[in-house]
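As a plain string of letters, each chain reads:
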Amino acid sequence: GNSVTQMEGPVTLSEEAFLTINCTYTATGYPSLFWYVQYPGEGLQLLLKATKADDKGSNKGFEATYRKETTSFHLEKGSVQVSDSAVYFCALGLSGGYNKLIFGAGTRLAVHP
Amino acid sequence: EAGVTQFPSHSVIEKGQTVTLRCDPISGHDNLYWYRRVMGKEIKFLLHFVKESKQDESGMPNNRFLAERTGGTYSTLKVQPAELEDSGVYFCASSQRPEWGYTFGSGTRLTVV
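Residues numbered from 1 in each chain as written. Chains lettered and ligands numbered in written order. Predicted model: local features only at pLDDT ≥ 70, side-chain atom pairs only at ≥ 80, totals over all residues. Heavy atoms only, no water.

### Things to note about the overall build of chain B
The condition is simple: Under the scheme used here, helices are H or I runs from DSSP no shorter than 4 residues and strands are E runs no shorter than 2 residues, and both carry numbers assigned from the N terminus. Based on C-alpha atoms, the radius of gyration is set beside the globule rule, defined as 2.2 Å times the residue count to the power 0.38. Three labels apply to residues, based on accessible area from a 1.4 Å probe with only protein chains included: buried if under 20% of the type maximum, exposed if over 50%, partly exposed otherwise in between. We call two residues contacting when some pair of their heavy atoms lies within 4.5 Å. For the area figures, the Shrake-Rupley method with a 1.4 Å probe applies, and any residue is considered shielded solely by the protein chains shown. The charged-residue count follows a simple rule in which Lys and Arg add positive charge and Asp and Glu add negative charge, with His and chain termini not counted at all. Charge placement uses NZ in Lys and CZ in Arg. For Asp and Glu, CG and CD serve respectively.
Scanning chain B from N- to C-terminus turns up zero helices and eleven strands. Each helix and strand of chain B, ordered N terminal to C terminal, gives the series β-β-β-β-β-β-β-β-β-β-β. Here chain B has a C-alpha radius of gyration of 13 Å; the compact-globule value for 113 residues is 13 Å, and the two agree. Reported as C-alpha extents along the three principal axes, the dimensions of chain B are approximately 35 × 25 × 20 Å. The buried share among the 113 residues of chain B stands at 46%. Excluding contacts between residues fewer than 6 apart, the proportion of contacts in chain B whose partners are at least 24 apart in sequence is 51%. Element-wise, carbon and sulfur atoms account for 47% of the exposed surface of chain B, whose accessible area totals about 5500 Å². Across chain B, 13 positive and 13 negative side-chain charges occur, with their mean positions spaced 3 Å apart.

### Quick word on unusual backbone geometry
Cis geometry marks the peptide bond from Gly9(A) to Pro10(A), where omega comes out at -5°. Tracing the backbone through its elements, the reader meets Pro10(A) in the loop between β1 (3-6) and β2 (11-14). Note that the residue after Phe7(B), namely Pro8(B), is joined by a cis bond; omega there is 0°. Assignment of secondary structure puts Pro8(B) in the loop between β1 (5-7) and β2 (10-13). Despite not being glycine, Glu16(A) shows a phi value in the positive range, around 80°. Looking at where Glu16(A) falls in the secondary structure, it is placed in the loop between β2 and β3 (19-21). Note on Glu16(A): relative accessible area 60%, which makes it exposed. In this structure, Thr71(A) takes a positive phi of about 40° despite not being glycine. Within the secondary structure layout, Thr71(A) lies in the loop between β8 (62-65) and β9 (75-77).

### Side note on the pattern of salt bridges
Residue and element names in this part refer to chain A. Which entries qualify depends on this criterion: What makes a salt bridge here is a side-chain nitrogen of Lys or Arg within 4 Å of a carboxyl oxygen of Asp or Glu, nothing more.
In total, this model carries eight salt bridges over all chains according to the counting rule given. For lysine 52, the salt bridge goes to aspartate 55, with nearest N and O atoms at 3.3 Å. Put simply, aspartate 84 and lysine 77 hold a salt bridge, and the shortest N to O gap is 2.7 Å. With respect to class, aspartate 84 is no different from lysine 77; both count as buried.

### Let's talk about the sheet that holds strand β3 (residues 19-24) of chain B
Residues and elements named next belong to chain B. The line we're drawing: Here, strands pair whenever DSSP counts at least two bridges between them. Whenever a helix is involved, its axis is fitted only over the stretch in contact; in every case the axis is a line through C-alpha atoms, and angles between N-to-C directions fall within 0 to 180 degrees.
Read from one edge to the other, the open sheet built from four strands follows the order β1-β3-β8-β7, with strand pairing classed as antiparallel. Single-partner strands in this sheet number two, and they are β1 and β7 (65-69). On average, each strand axis in the sheet is inclined to that of its neighbour by 15°, with strand direction left out of account. The sheet contact formed by β3 and strand β8 (residues 75-79) spans five bridges and is antiparallel. The residue bridging threonine 20 from the neighbouring strand is lysine 78, located in β8.

### Some words on the interface of chain A and chain B
Going by this rule: A 1.4 Å probe defines the accessible area here, and the buried area is the portion of it lost by two parts on being joined, summed over both.
Tallying the contact residues gives 18 residues for chain A and 22 residues for chain B. Overall, the association of chain A and chain B removes approximately 1600 Å² of surface from exposure, summing both partners, and the carbon and sulfur fraction of that is 59%. Linking chain A with chain B are one salt bridge, by the criterion used here. Its salt-bridge partner being Asp56(B), residue Lys100(A) comes within 3.7 Å of it at the nearest N-O pair.

### Some thoughts on the pairing of strand β4 (residues 31-37) of chain B
Residues and elements named next belong to chain B. In terms of residue burial, β4 counts as a mostly covered element, since seven of its seven residues are buried. Examined bridge by bridge, β4 and strand β5 (residues 43-50) share seven bridges and lie antiparallel to one another. Residue tryptophan 34 lies in a different strand from β5, and its bridge partner there is leucine 47. Taken together, β4 and the strand that follows it, β5, pair antiparallel across an intervening segment of five residues, in which methionine 39 is found at a positive phi of about 55°.

### A look at the layout of surface pockets
Using the following cut-off: Put simply, the grid is 1 Å and covers the protein atoms alone, a cavity is a trapped set of points that fit a 1.4 Å probe, a pocket is an open set with protein on both sides within 12 Å along at least five of seven lines, and lining residues have an atom within 4 Å of a point. Grid points are joined across faces, edges and corners, and a volume is the space filled by probe spheres set on the points.
When its volume is computed, the largest pocket comes out at roughly 480 Å³. In terms of lining, the largest pocket is formed by 21 residues, of which the most central are Gln38(A), Gly41(A), Glu42(A), Val89(B) and Arg109(B). For the lining of the largest pocket, the secondary structure elements donating two or more residues are β10 (86-93) of chain A together with β9 (88-95) and β11 (108-112) of chain B. Ranked by the residues each element gives to the lining of the largest pocket, the list is headed by β9(B), at three residues.

This is the structure in structure tokens:
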């Protein structure tokens, strides 16, 4: 079946550290891949996306590359800030015209000064 | 533009009672989705409207849940009667082009006691 697996959290980092949150997926067809972020007390926000293999999504210093050969979409940021503390969700959207998103369990990131 | 609006933001009800959640999508977005996150687990798809029609309701857990979208505008999700396991955060999202990602509301936190 279709599924998304994320690394378990919480992830705790110091400010300016390098961040990687692993995400792998299983899907039929050619899904689109997304990272959503939920800041404390807020709703989900689309962080970045990639719609085909080898695409790189980027936003706010975060990047993720759609790797079909390894079925991965790892999220990276070179230097995290305290304001990046949030829960990050990897998701895939199934192809076929009428998408529904399949989410991973979420990874909580805590960045300390 | 106004975002996706959900209300109430929080609801606490007793087991056996009825609760109705409302979602106002972004104007012009034909696609409207309901998702929920139970007990800090994965965010799971409930159903998808295209305008006023239910396109996919495969994620609805049982017949205690009823979703409607009047005139293709706002949507309601009614739980009747509520059970303890229905507690969680219910998210609504809308999109004009699903493959580009959704805009989510802030969610309704439902607690059944």
